[in-house]
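In case you want the letters, here they are:
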Amino acid sequence: MTTTATVDAVEAPVRARRAVRATPTAWLVWGFVIFFFVNLAGVIGSVLVSSFGRQWFDTWLPDGWTGRWYGEAWRDFGLLPVLVTTVEVSLTVVVVSVLVGVPAAYVLARRPFPGRRVLYLLFLLPILMPPITYGIPLATVLYKYGFAGHFSGVVLANLVPSVPFVILTMTPFIEQIDPAIERAARMCGAGTGQIFVRILAPLLVPGILAASILVLVRTVGMFELTFLTAGPDSTTLVVALYNSMSAAGIRAQQSVDAMAVIYTGTMLVLLVLALRLVNPTQLVARVKEEPE
């Protein structure tokens, strides 16, 4: 024990010096990361300060502080119906995406069939591609058949990336469940519906919650598809924020900043809930298929 303690005492300063040392590339990377976060904090901080400031021109801080800009933004931009519409659209997209995506993920995880990998790749395309690339032709089709400009059009447009997102999230969760549990249930006389409802559904609750929160965050923040298909009565918060900045007329910059703070705070709450419910490694972990 004395020898071990002596070796540890000798190696401790060496380990400390190694911990402090870093290559020029590492210092450059860390410097870039710190520079990025400092600039990000500056941008967010300036918007937050402006939303509470009375007047702010060429000084470090505003001339005074007030909270009336939030009240004006709430009244002028009609945020109450916008928030209600945002919640309705997001919850509808979440429910439909889960109802469609979970069975599809089960088929992809449990049923080998020709072209399964190609089908899985097709499901991933709306996630990998920028929404604007397929949003314009999608909006054209929805306008042609009378869906765009209404609540249904916004929901249908957001389902295009949301259903594949549920499939991508739920497939690893299903693959981590031992298929022997399902075989044992079938031996006891359970049908496919009973297995799915009574056995798989309780085991998949964490994955379903994770997928729901992630789809909710994605839908609330989806600008392109919602902007292309929304109407006067189906505008969500992110589109209303864009309209408040680009609409004609004169309005106080502080009220626009207050609306931006409301939107950012909403997204931060949803992101915190998502990170509390989902483990990022579960989204990429896949069970290796055993050779038959």
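To be clear, the structure that these remarks concern was listed above.
Quick summary incoming for the structure in this document. All values reported here derive from a predicted model rather than from experimental measurement.

1. Here's the deal with the overall build of the protein chain
- Looking only at helices and strands, the protein chain has 13 helices and zero strands in total.
- Its helices and strands taken in sequence order, the protein chain reads α-α-α-α-α-α-α-α-α-α-α-α-α from the N to the C terminus.
- The buried share of the protein chain, taken over its 292 residues, is 35%.
- Within the protein chain, residue pairs in contact and separated by at least 24 positions form 72% of the contacts whose partners lie at least 6 positions apart.
- Just so you have it, the protein chain exposes about 17900 Å², and 71% of that area is on carbon and sulfur atoms.

2. What to know about the packing of aromatic side chains
- Across all of its chains, the model carries five aromatic pairs by this definition.
- Their ring planes at 75° and their centres at 5.4 Å tell us that Phe36 and Phe37 sit as a pair that is edge-to-face.
- Since its relative accessible area comes to 45%, Phe36 is described here as partly exposed.
- Three or more aromatic residues link up through ring pairs in this structure, and these residues are Phe223, Phe227 and Tyr242.

3. A closer look at the side chain of Thr85
- Mapped onto the elements of the fold, Thr85 is located in helix H4 (residues 79-110).
- For Thr85, a relative accessible area of 10% corresponds to the buried category.
- If we ignore the near neighbours within four places in the chain, the residues touching Thr85 are Asp233, Ser234 and Thr235.

4. Describing the packing of helix H7 (residues 151-175) against helix H10 (residues 205-221)
- Running from N to C, H7 and H10 point in directions that differ by 150°, and their axes come no closer than 9 Å. Between H7 and H10, the angle falls in the class roughly antiparallel. In this structure, the crossing between H7 and H10 has a hand that is right-handed. Here H7 contributes Asn158, Pro161, Ser162, Phe165, Val166, Thr169, Met170 and Phe173 to the contact with H10, which in turn contributes Pro206, Gly207, Ile208, Ala211, Leu214, Val215, Arg218 and Thr219.
- A breakdown of the residues in the contact of H7 with H10 according to their chemical character gives ten nonpolar, five polar and one charged.

5. Some remarks on the pattern of salt bridges
- Scanning the model with the defined rule gives one salt bridge in all.
- With a shortest N-O distance of 2.7 Å, Arg110 and Glu182 are connected by a salt bridge. Of this pair, Arg110 sits in helix H4 while Glu182 is found in helix H8 (residues 179-187), placing the two residues 72 residues apart along the sequence.
- For Arg110, a relative accessible area of 14% translates into the label buried.
- Residue class for Glu182 comes out buried when judged on its relative accessible area of 6%.

The rules we used
The residue numbers shown here count from 1 along each chain, following its written sequence. Only residues with pLDDT of 70 or above have their local features reported here, since the model is predicted, and side-chain atom pairs are shown and tallied only from 80 upward, although totals for entire chains, interfaces and linings are computed over all residues. Only heavy atoms go into the side-chain values, all of them from the structure, while hydrogens and water stay out. Counting from the N terminus, the helices are the DSSP runs of H or I reaching at least four residues and the strands are the DSSP runs of E reaching at least two. Between buried and exposed lies partly exposed: a residue is buried under 20% and exposed over 50% of the maximum accessible area for its type, with that area taken using a 1.4 Å probe on protein chains only. Residue contacts are counted whenever heavy atoms from the two residues lie within 4.5 Å of one another. Accessibility throughout is a Shrake-Rupley quantity obtained with a 1.4 Å probe, and a residue counts as covered only by protein chains that appear here. When the centres of two rings from Phe, Tyr and Trp lie within 6.5 Å, Trp using its six-membered ring, the rings pair. Their planes under 30 degrees apart give stacked, over 60 give edge-to-face, and anything left gives tilted. Axis definition: a line fitted to C-alpha atoms, limited for helices to the stretch in contact. Angles are taken between N-to-C directions and run from 0 to 180 degrees. Any angle from 65 to 115 degrees is called roughly perpendicular, while one under 35 is roughly parallel, one over 145 is roughly antiparallel, and all others are oblique. Left-handed describes a crossing whose near helix is turned anticlockwise from the far helix through less than a right angle; right-handed describes the clockwise counterpart. Note that Gly is not counted as nonpolar here; it falls among the polar residues with everything else outside the nonpolar set of Ala, Val, Leu, Ile, Met, Phe, Trp, Tyr, Cys and Pro and the charged set of Asp, Glu, Lys and Arg. Definition used for salt bridges: Asp or Glu carboxyl oxygen within 4 Å of a side-chain nitrogen of Lys or Arg.

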